Amino acid sequence: MRLTDQDREAVTAAVTTAELTTNGEIVTVVAGRSDAYHDVALHWAVLAMLLVLALLAWQPWPAEWLHTRFVDSWAQVVPARWYLTIALVLMAATFLVARVALAFDALRLFLTPGATKTRRVHRRALELFRAAAEKRTRGSTGVLVYLSLAEHRAVILADEGIHSKVTADVWGAAMAALVGGLKADRAGEGMAEAVRQIGLVLAEHFPRSADDVNELPDRVIEL
């Protein structure tokens, strides 16, 4: 899923229109993904490796068959070191295969737990909020609208000047628009509608003053 030129224009226009009636500033950010999740791939590779060890402990006959087939077909007892050698080789091979397979972004993302995605998306949104919107307006009235396309998740964060007058649940309609747009593969439309909903809230609590200036960019930022 990617934004089209039409999506970019729609979001930018929505921000510009929303800010005509409020001192608040809205920053929109769209990221392809919020994290690479390489640590998740490592966890799965280690788990696969340990699963091989567990299977060998439960059914050691593959090691015995290999010893009979390639080492000593007349042996009555398979040496313990052979079991350890086979276990080491199979575990290493399994780890490498899993790591190569999980180099594909789609598989790595599919195997990442939903709760982990949510935490990473929120963490990334918070980092961007602190860099792009927090305390960057005169009245601390910045709002970040963040979409992470690969994870299909969205975050809305508001500056401290807004928190003093409204609670987080006031963004319910905006969040519903964001999530609905993601589910329908119309991220741009969803973000534009979310901006409109946020603008209504900001206009109610922070109406535009005569000396208001545009302090943050209206265009959508893509990462």
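Preceding this paragraph is the structure being described.
All values reported here derive from a predicted model rather than from experimental measurement. (Residues numbered from 1 in each chain as written. Predicted model: local features only at pLDDT ≥ 70, side-chain atom pairs only at ≥ 80, totals over all residues. Heavy atoms only, no water.)

K.L.:
Help me out: how do you make sense of unusual backbone geometry in this one?
P.N.:
Peptide bonds are trans in most cases, and residues, glycine excluded, mostly fall at negative phi. Backbone geometry places His152, a non-glycine residue, at a positive phi of 55°. Structurally, His152 is set in the loop between strand 2 (142–148) and strand 3 (153–158). The phi torsion at Asp185 lies on the positive side, around 60°, for a residue other than glycine. Locating Asp185 in the fold gives a position in the loop between helix 8 (172–183) and helix 9 (187–205). (Helix = DSSP H or I, 4+ residues; strand = E, 2+ residues; numbered from the N terminus.)

K.L.:
Teacher, can you tell me more about the packing of helix 8 against helix 9 here?
P.N.:
The description of two packed helices rests on the angle between their axes and on the distance between the axes. Across the interface, helix 8 lies against helix 9 with an axial gap of 7 Å and an inter-helix angle of 175°. By the angle between their directions, the pair helix 8 and helix 9 is classed as roughly antiparallel. Here Ala173, Ala174, Ala177, Leu178, Gly181 and Leu182 of helix 8 lie close against helix 9, whose contacting residues are Ala187, Gly190, Met191, Glu193, Ala194, Gln197 and Ile198. (Axes fitted to C-alpha atoms, helices over the stretch in contact; angles between N-to-C directions. Parallel < 35°, antiparallel > 145°, perpendicular 65-115°, else oblique. Contact = heavy atoms within 4.5 Å.)

K.L.:
Help me out: how do you make sense of the pairing of strand 3 in this one?
P.N.:
Regular strands show a simple pattern: their side chains alternate between the two faces of the sheet. Burial of strand 3 is extensive: five of the six residues sit out of reach of the surface. Here strand 2 pairs with strand 3 via six bridges, running antiparallel. Counted as the bridge partner of Val145 is Ile156 from strand 3. Counting the residues between successive antiparallel strands, the hairpin from strand 2 to strand 3 contains four residues, one of them, His152, with a positive phi of roughly 55°. (Buried < 20%, exposed > 50% of the residue type's maximum accessible area, 1.4 Å probe, protein only. Pairing = 2+ DSSP bridges.)

K.L.:
So what exactly am I meant to see when it comes to the packing of helix 1 (residues 5–18) against helix 9 here?
P.N.:
Where helix 1 contacts helix 9, the axes come no closer than 8 Å and their chain directions differ by 0°. In terms of their interaxial angle, helix 1 and helix 9 are classed as roughly parallel. Within the contact between the two elements, helix 1 uses Asp7, Ala10, Val11, Ala14, Val15 and Ala18 and helix 9 uses Gly188, Glu189, Met191, Ala192, Val195 and Gly199. Considering only residue class, the contact of helix 1 with helix 9 consists of eight nonpolar, two polar and two charged. (Nonpolar A, V, L, I, M, F, W, Y, C, P; charged D, E, K, R; others polar.)

K.L.:
Help me understand the pattern of salt bridges, please; the structure alone is not making it clear to me.
P.N.:
Opposite charge on two side chains permits them to pair, given that their charged atoms come into close proximity. If you walk through the whole model with that rule in mind, you get ten salt bridges. The partner of Asp105 in a salt bridge is Arg33, with the nearest N and O atoms 3.2 Å apart. Here Asp105, found in helix 5 (residues 105–110), pairs with Arg33, found in the loop between strand 1 (25–31) and helix 2 (38–58); they are 72 residues apart in sequence, far enough to count as distant. Overall, the relative accessible area of 38% leaves Arg33 in the partly exposed class. Here Arg186 and Glu189 are joined by a salt bridge, their closest N and O atoms 3.1 Å apart. What you see here is one network of salt bridges that share partners, running through Asp35, Asp39, Arg120 and Arg123. (Salt bridge = Lys/Arg side-chain N within 4 Å of Asp/Glu carboxyl O.)

K.L.:
What's the story with the side chain of Asp35 in this structure? I'm lost.
P.N.:
Position of Asp35 among the secondary structure elements: in the loop between strand 1 and helix 2. Under the relative-accessibility criterion, Asp35 is labelled buried at 18%. For Asp35, the side chain forms a polar contact with the side chain of Arg120, separated by 3.1 Å. A polar atom in the side chain of Asp35 sits 3.4 Å from the side chain of Arg123. (Polar contact = N/O pair within 3.5 Å; in protein donor to acceptor, adjacent residues only side chain to side chain.)

K.L.:
For this particular structure, what's the right way to read the pairing of strand 1?
P.N.:
The buried count for strand 1 comes to seven of seven residues, which makes it a mostly enclosed element. Going residue by residue along strand 1, you find Glu25, Val27, Val29 and Ala31 tucked away on one face and Ile26, Thr28 and Val30 tucked away on the opposite face as well. Relative to strand 2, strand 1 runs parallel, the two being bridged by seven bridges. Residue Ala31 lies in a different strand from strand 2, and its bridge partner there is Ser148. Where strand 1 and strand 4 (residues 221–222) come together, two bridges link them in parallel fashion. The residue of strand 4 that forms the bridge with Val29 is Ile221.

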